[in-house]
Number of protein chains: 2
Amino acid sequence: MVQNKSTADAILDAAQRLIQTRGYNAFSYRDIAQALGIRSASIHYHFPTKTDLGARLAARYRRLFRAELDAIVEGEPDAVERLLKFADLFQQTFEVESRLCLCGMLSAEIATLPEGVAAEVEGFFRDTEAWLVAVLEEGRKAKRFSFSGPAKEQARLLLALLEGAMVVARGLRDRAHFRSMAGNYIAQMKPQTARAAR
Amino acid sequence: MVQNKSTADAILDAAQRLIQTRGYNAFSYRDIAQALGIRSASIHYHFPTKTDLGARLAARYRRLFRAELDAIVEGEPDAVERLLKFADLFQQTFEVESRLCLCGMLSAEIATLPEGVAAEVEGFFRDTEAWLVAVLEEGRKAKRFSFSGPAKEQARLLLALLEGAMVVARGLRDRAHFRSMAGNYIAQMKPQTARAAR
DNA sequence: GTCTATAAGATGATAGAC
DNA sequence: GTCTATCATCTTATAGAC
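A.B. asks: Pulling in residues and values, what's your account of the packing of aromatic side chains?
C.D. replies: What the rule picks out here adds up to 20 aromatic pairs over all chains. Seen in terms of ring centroids, Tyr-61 of chain A and Phe-124 of chain A are 5.7 Å apart; in terms of plane orientation they differ by 45°. Their pairing is tilted. Of this pair, Tyr-61 of chain A sits in helix H4 (residues 50–75) while Phe-124 of chain A sits in helix H7 (residues 115–141), and the two are 63 residues apart along the sequence. Seen in terms of ring centroids, Phe-145 of chain A and Phe-147 of chain A are 6.1 Å apart; in terms of plane orientation they differ by 40°. Their pairing is tilted. Like Phe-147 of chain A, Phe-145 of chain A is buried. Grouped by ring-pair contacts, the aromatic residues Tyr-61, Phe-65, Phe-86, Phe-90, Phe-124, Phe-125 and Trp-131 of chain A constitute a single cluster. Cation over ring: Lys-50 of chain B sits above Tyr-24 of chain B, and NZ or CZ is 4.6 Å from the ring centre. Above the ring of Phe-27 of chain B, the side-chain terminus of Lys-50 of chain B is found at 4.4 Å from the ring centroid.

Structure below.
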């Protein structure tokens, strides 16, 4: 039974878009209300406080992102391809309205967030880092690529690169910027793979 | 004649700190006033609107950062060392209160910024990118390191990595995180250098 | 569930005294 | 230059009708 999207989901969708484009401190219940054609008081019925909304949104984002990572592992056996698909997730996000990663934006604003929201942001980065560590270690074991030092360091480097690429591309106001950067990162990985495979 | 810091400068300092830690949309004239022990109306005398304040702050940051880059070139002839000192600038910023690069934070919020502020942010990234391109090309010519593709791509990658490292370190709420990441980046450059020098 | 009405506080900004 | 006083507006949030 395909249910119509609930109002609560529509609110989360609108809030996510607003935060990805403008930030947590630059959107209001009014903005969401206008986007959905309802009144801001109605939103309080579904999410009593902005803290509730933020925490549930971050938790949903974290959960759905984790599911996408699981889907990559399930559908793709090769470690290099897994990393490329990982990078694609960020690129696809940025393609639409130059949106940032929700948790990347919230992370920049973390000093202003209620603890319940900040905790989910931290969880998102820990989840993602752990997933990358697993992919990197498996890929190294399978000789699909080589890198020095702990996989954790490499994972953080990769994550920082993708989050940062979105920010820099925004600052330069150059939509194509991220595309070329992701492409370049890919290019820098492939030779490494080729080298290791030779 | 060493003049005491003017009120205008003190306002810019306070505003910069607030934006680096909280963001443009999370600070008010009142916050600055409280930090300086004055009234918010006094700030309007120096900066009539928040747009004025933001634009002049971003312009000052851009100018001072450019000066730091010039100082690196002047004081350090080696391209690899120049890049390491460049990375140090970001690390030093983050060391204090996990502050982000001012323009990194503004870049995330760029959709909400007045055009005068956004233009300075864009200028900051263009300046920095151009400086990196020059250092990278000179270093490649001098055989201090090697990389494939245009220097511009490499410059953007490096800039994205450092900006992103700050964001990710914030999200993980791990102050030591950035230190290790910058260290890892440095480690990944050195072998490359050693390889090229062999 | 959604609405109207309303509250209390914050915000950017201005007028005018000192 | 800095102050007090004041503003219109926005923001999160609640009460209560429908």
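There is more to say after this.
A.B. asks: A description of the side chain of Gln-16 of chain B should follow, citing residues and the corresponding values.
C.D. replies: Residues and elements named next belong to chain B. Relative to the assigned elements, Gln-16 resides in helix H1 (residues 7–21). Overall, the relative accessible area of 15% leaves Gln-16 in the buried class. Here the side chain of Gln-16 touches Arg-60 through a polar contact of 3.3 Å, side chain to side chain. Once residues lying within four places of it in the same chain are set aside, the contact partners of Gln-16 are Leu-57, Arg-60, Tyr-61 and Leu-102.

A.B. asks: So what's going on with helix H2 (residues 29–36) of chain B? Which residues, and what values?
C.D. replies: Since there are 3.6 residues in each turn of an α-helix, residues three or four apart along the chain are aligned in direction. Residue and element names in this part refer to chain B. Those residues of H2 lying buried are Tyr-29, Ile-32 and Ala-33. Projected onto a plane normal to the axis of H2, the buried residues spread over an arc of 100° and lie on a single side. Summarising the geometry of H2, the exposed residues directed more than 90 degrees from the buried face are Arg-30, Gln-34 and Ala-35. Those residues of H2 that are buried lie in contact with H1, helix H3 (40–46) and helix H4 (50–75). Directly beyond the C-terminal end of H2, a positive phi value near 70° is found at Gly-37.

A.B. asks: Could you give me a rundown of the nonpolar core, with the residues and numbers involved?
C.D. replies: Of all hydrophobic cores here, the largest spans 136 residues; its most connected members are Phe-90 of chain A together with Phe-90 of chain B. Those residues within four positions of Phe-90 of chain B in sequence are excluded, and the remaining contacts are Phe-65, Cys-101, Leu-159, Leu-162, Glu-163, Met-166 and Phe-178 of chain B.

A.B. asks: Explain the protein's contact with DNA strand C to me, and be specific about the residues and the numbers.
C.D. replies: The environment of DNA strand C is formed by 16 residues, the closest being Arg-39, Ser-42 and His-46 of chain A together with His-44 and Lys-50 of chain B. Within the backbone of Arg-39 of chain A, one N or O atom sits 2.8 Å away from a phosphate oxygen of DNA strand C. A distance of 2.7 Å separates a phosphate oxygen of DNA strand C from a polar side-chain atom of His-46 of chain A. Listing elements by their share of the surface near DNA strand C, those giving two or more residues are helix H3 (40–46) of chain A together with H2 and H3 of chain B. Broken down by element, the residue count for the surface near DNA strand C peaks at 4 residues, all from H3 of chain A. Looking at the surface near DNA strand C, its residues break down into 7 nonpolar, 6 polar and 3 charged.

A.B. asks: Describe the interface of chain A and chain B, listing the residues and the values that go with them.
C.D. replies: Often, the extent of an interface is quoted as the loss of accessible area upon association of its parts. Listed by partner, the interface residues are 43 residues for chain A and 43 residues for chain B. Around 3,900 Å² of area is buried between chain A and chain B when both sides are counted, 57% of it from carbon and sulfur atoms. By the criterion of area lost to chain B, the three top residues of chain A are Leu-157, Leu-172 and Arg-173 of chain A, representing 16% of everything that side buries. Between chain A and chain B we count 6 salt bridges in total. Viewed at the interface, chain B and chain A are joined by 12 residue pairs in polar contact (both at pLDDT 80 or more). Counting only elements with at least two residues in the side of chain A that touches chain B, the list comes to helix H6 (102–108), H7, helix H8 (151–171) and helix H9 (175–197) of chain A. At 14 residues, the largest contribution of residues to the side of chain A that touches chain B is made by H8 of chain A. Looking at side-chain class alone, the side of chain A that touches chain B contains 20 nonpolar, 12 polar and 11 charged residues.

A.B. asks: Describe in detail the packing of helix H5 (residues 79–95) of chain A against H8 of chain A, supporting the description with residues and values.
C.D. replies: Residues and elements named next belong to chain A. The geometry of H5 relative to H8 is characterised by a closest axis approach of 11 Å and an angle of 25° between their N-to-C directions. Taken together, the axis directions place H5 and H8 in an arrangement best described as roughly parallel. Like other packed secondary-structure pairs, H5 and H8 cross with a definite hand, here right-handed. Across the interface between the two elements, Leu-83, Phe-86, Ala-87, Phe-90, Thr-93 and Phe-94 from H5 touch Leu-158, Leu-159, Leu-162, Glu-163, Met-166, Ala-169 and Arg-170 from H8. Considering only residue class, the contact of H5 with H8 consists of 10 nonpolar, 1 polar and 2 charged.

A.B. asks: Lay out the side chain of Arg-99 of chain A with the relevant residues and their values.
C.D. replies: Residue and element names in this part refer to chain A. Its place among the elements puts Arg-99 in the loop between H5 and H6. Side-chain polar atoms of Arg-99 contact the side chain of Glu-97, separated by 2.8 Å. Beyond its immediate sequence surroundings of up to four residues, Arg-99 is in contact with Arg-17, Gln-20, Thr-21, Thr-93, Phe-94, Met-166 and Arg-170.

Rules used in this analysis
Residues numbered from 1 in each chain as written. Chains lettered and ligands numbered in written order. Predicted model: local features only at pLDDT ≥ 70, side-chain atom pairs only at ≥ 80, totals over all residues. Heavy atoms only, no water. Phe/Tyr/Trp six-rings, centres within 6.5 Å; stacked < 30°, edge-to-face > 60°. Helix = DSSP H or I, 4+ residues; strand = E, 2+ residues; numbered from the N terminus. Buried < 20%, exposed > 50% of the residue type's maximum accessible area, 1.4 Å probe, protein only. Lys NZ or Arg CZ within 6 Å of the ring centre and 35° of its normal. Polar contact = N/O pair within 3.5 Å; in protein donor to acceptor, adjacent residues only side chain to side chain. Contact = heavy atoms within 4.5 Å. Arc of directions from axis to C-beta. Core = buried A, V, L, I, M, F, W, Y, C linked by side-chain atoms within 4.5 Å. Near = heavy atom within 4 Å. Nonpolar A, V, L, I, M, F, W, Y, C, P; charged D, E, K, R; others polar. Buried area = accessible area lost by both parts, 1.4 Å probe. Salt bridge = Lys/Arg side-chain N within 4 Å of Asp/Glu carboxyl O. Axes fitted to C-alpha atoms, helices over the stretch in contact; angles between N-to-C directions. Parallel < 35°, antiparallel > 145°, perpendicular 65-115°, else oblique. Left-handed = near helix turned anticlockwise from the far one by under 90°.

All quantities given are derived from atomic positions and should not be read as evidence of function.
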